[in-house]
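A closer look at the structure
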Amino acid sequence: NVDICDFWKSSYVDYTKDIIKMLESDIALVYGPVAGAIVGLVGDAVGTLFSGYGYNPLFAVPPMLIGLCAGLMRPMLYKKVSFLRILATFLPAVIVGSVLWQSYWLSFFYGTHSFVWFLGSRAVQFAITSVVNAAVIFGLFKSRVFDVLHLWPPVGVQAPVQENNNQASVIS
């Protein structure tokens, strides 16, 4: 007895939140940690409005951490942009915020499953979505869309010089 409208709404909200997660990483990489944290907070609030659930500020911590962490770790990308470096810019926040923090609070509020159950299911979920998010962001860097829009490298950061010989590219 599943209502198709509820299923669509749930799927739409999940995809919208995933897109917002990618945006907060992109914004943080381009504009810095404060902008990333703000986009995480606002994105979480907007996503909650569409979900039909009440807003809980405890669940806003992980999206803010993802934006903050990606912004703080963006200097790793100044010399070379790679898939692993992009993944490393937000993976610590995903582990601490989305996996550990939210697993604890979900088990606390719902009480239907143990912390370990939430931890296991969320670890698998975020292992997959983190790789997909990093791949999409890497694809955007590889396509040079940030260069064309004059968003990368950030203002005040000297772009690495690419040589024409067999040296590795800045983006690989």
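Okay, so let's go over this structure. (Residues numbered from 1 in each chain as written. Predicted model: local features only at pLDDT ≥ 70, side-chain atom pairs only at ≥ 80, totals over all residues. Heavy atoms only, no water.)

Concerning the overall build of the protein chain
If you tally the helices and strands in the protein chain, you get seven helices and zero strands. Its helices and strands taken in sequence order, the protein chain reads α-α-α-α-α-α-α from the N to the C terminus. Within the span of the protein chain, comprising 172 residues, buried residues form 37% of the whole. Long-range pairs, those at least 24 residues apart, make up 68% of the contacts in the protein chain between residues at least 6 apart in sequence. For the protein chain, the accessible area works out to roughly 10,200 Å², and carbon and sulfur atoms hold 70% of it. (Helix = DSSP H or I, 4+ residues; strand = E, 2+ residues; numbered from the N terminus. Buried < 20%, exposed > 50% of the residue type's maximum accessible area, 1.4 Å probe, protein only. Contact = heavy atoms within 4.5 Å. Areas by Shrake-Rupley, 256 points an atom, 1.4 Å probe, with all protein chains shown as cover.)

Notes on the pattern of salt bridges
According to the stated counting rule, one finds one salt bridge in the structure shown. Taking the shortest distance from any N to any O, the salt bridge between Arg144 and Asp147 comes out at 3.2 Å. (Salt bridge = Lys/Arg side-chain N within 4 Å of Asp/Glu carboxyl O.)

Comments concerning unusual backbone geometry
Negative phi characterises most residues that are not glycine, and trans characterises most peptide bonds. Note the cis peptide between Trp152 and Pro153, where omega equals 0°. Its location among the elements puts Pro153 in the segment after α7 (145-148). For Arg144, which is not glycine, the phi torsion reads 65° and is therefore positive. Topologically, Arg144 is positioned in the loop between α6 (115-142) and α7. A positive phi angle is found at His150, which is not glycine, with a value near 60°. Tracing the backbone shows His150 in the segment after α7. A residue is classified by how much of its surface remains accessible, and His150, at 71% relative accessible area, is exposed.

Structural notes on helix α3 (residues 61-72)
Along its twelve residues, α3 runs 16 Å from first to last C-alpha, staying within 8% of the 16 Å computed at 1.5 Å per residue. All buried positions along α3 are accounted for by Pro62, Pro63, Ile66, Gly67, Cys69, Ala70 and Gly71. (Expected span 1.5 Å × (residues − 1).)

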